[in-house]
Structure formats: structure tokens, C-alpha cells
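Spelled out, the chains give:
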Amino acid sequence: MATCNLPAPEAVHPSSAALHQLKELLQSDNAFAQALRATTSTEAAAQLASEHDVQVTPEALWRHRGTLVRGGLPTWRG
């Protein structure tokens, strides 16, 4: 019988796991959510996330900017 060695989902899409972690942090930490909304760029947001042990790229944040907070409003203007 052959074994199927599929990679873990986070190994395939590490940004997906980081974005999920970021969304959980946004929901559980109001101070962090306010600080993230106050950032003026995805680079600043990625740095803030990194300071909270969430490793996410500015590019991943940009692609998902309308899905990070409730209401679907973009976090950073395009």
C-alpha cells in the first residue's frame, strides 16, 4: 500500500496561514487592530505584524486588504 505524503496546507501557502493568524489577532486584540488601521502602508503593517509574531509579506497584505477586517473595506487605499 502506497503512502501519500501531502504537504501541510501552511507549507504550500505560508501566507494563508499568516493571514489566518493575523485575522485571529485582529479579532482578539483591539489595540493591535487599532494600530494596524493606523498604519499608512503595507510595509508598516507587515512590520507591526512581525512585532506580534505574525510573519506576513506586504504583498500578501495588499492582496487581501479588503478581507482582513469586518465589512470588507480596504485597509490601505489603492
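Rules used throughout
- Residues numbered from 1 in each chain as written.
- Predicted model: local features only at pLDDT ≥ 70, side-chain atom pairs only at ≥ 80, totals over all residues.
- Heavy atoms only, no water.
- pLDDT = per-residue confidence, 0-100.
- Helix = DSSP H or I, 4+ residues; strand = E, 2+ residues; numbered from the N terminus.
- Buried < 20%, exposed > 50% of the residue type's maximum accessible area, 1.4 Å probe, protein only.
- Arc of directions from axis to C-beta.
- Core = buried A, V, L, I, M, F, W, Y, C linked by side-chain atoms within 4.5 Å.
- Contact = heavy atoms within 4.5 Å.

A few words on the confidence of the model for the protein chain. When pLDDT is averaged along the protein chain, the result is 79; 71% of the residues meet or exceed 70. The lowest-confidence element of the protein chain is helix H1 (residues 9-12), averaging 47 in pLDDT; the highest-confidence one is helix H4 (residues 42-51), averaging 94.

With that settled, consider H4. Restricting attention to buried positions, one finds in H4 the residues Thr42, Ala45, Ala46, Leu48 and Ala49. Down the axis of H4, the smallest arc covering the buried residues is 160°, so these residues share one side. In this structure, H4 carries Glu43 and Glu51 as exposed residues pointing more than 90 degrees from its buried face. Once H4 ends, the next one or two residues include Asp53, with phi positive near 65°.

The subject of this paragraph is the nonpolar core. Of all hydrophobic cores here, the largest spans 17 residues; its most connected members are Leu19, Leu22, Leu26, Val54, Val56 and Leu61. Of all the secondary-structure elements, those providing two or more residues to this core are helix H2 (14-28), helix H3 (30-38), H4 and helix H5 (58-63). Per-element accounting of this core gives the leading share, five residues, to H2. Setting aside residues no more than four positions away along its own chain, Val56 makes contact with Ala18, Leu19, Ala46, Ala49 and Leu61.

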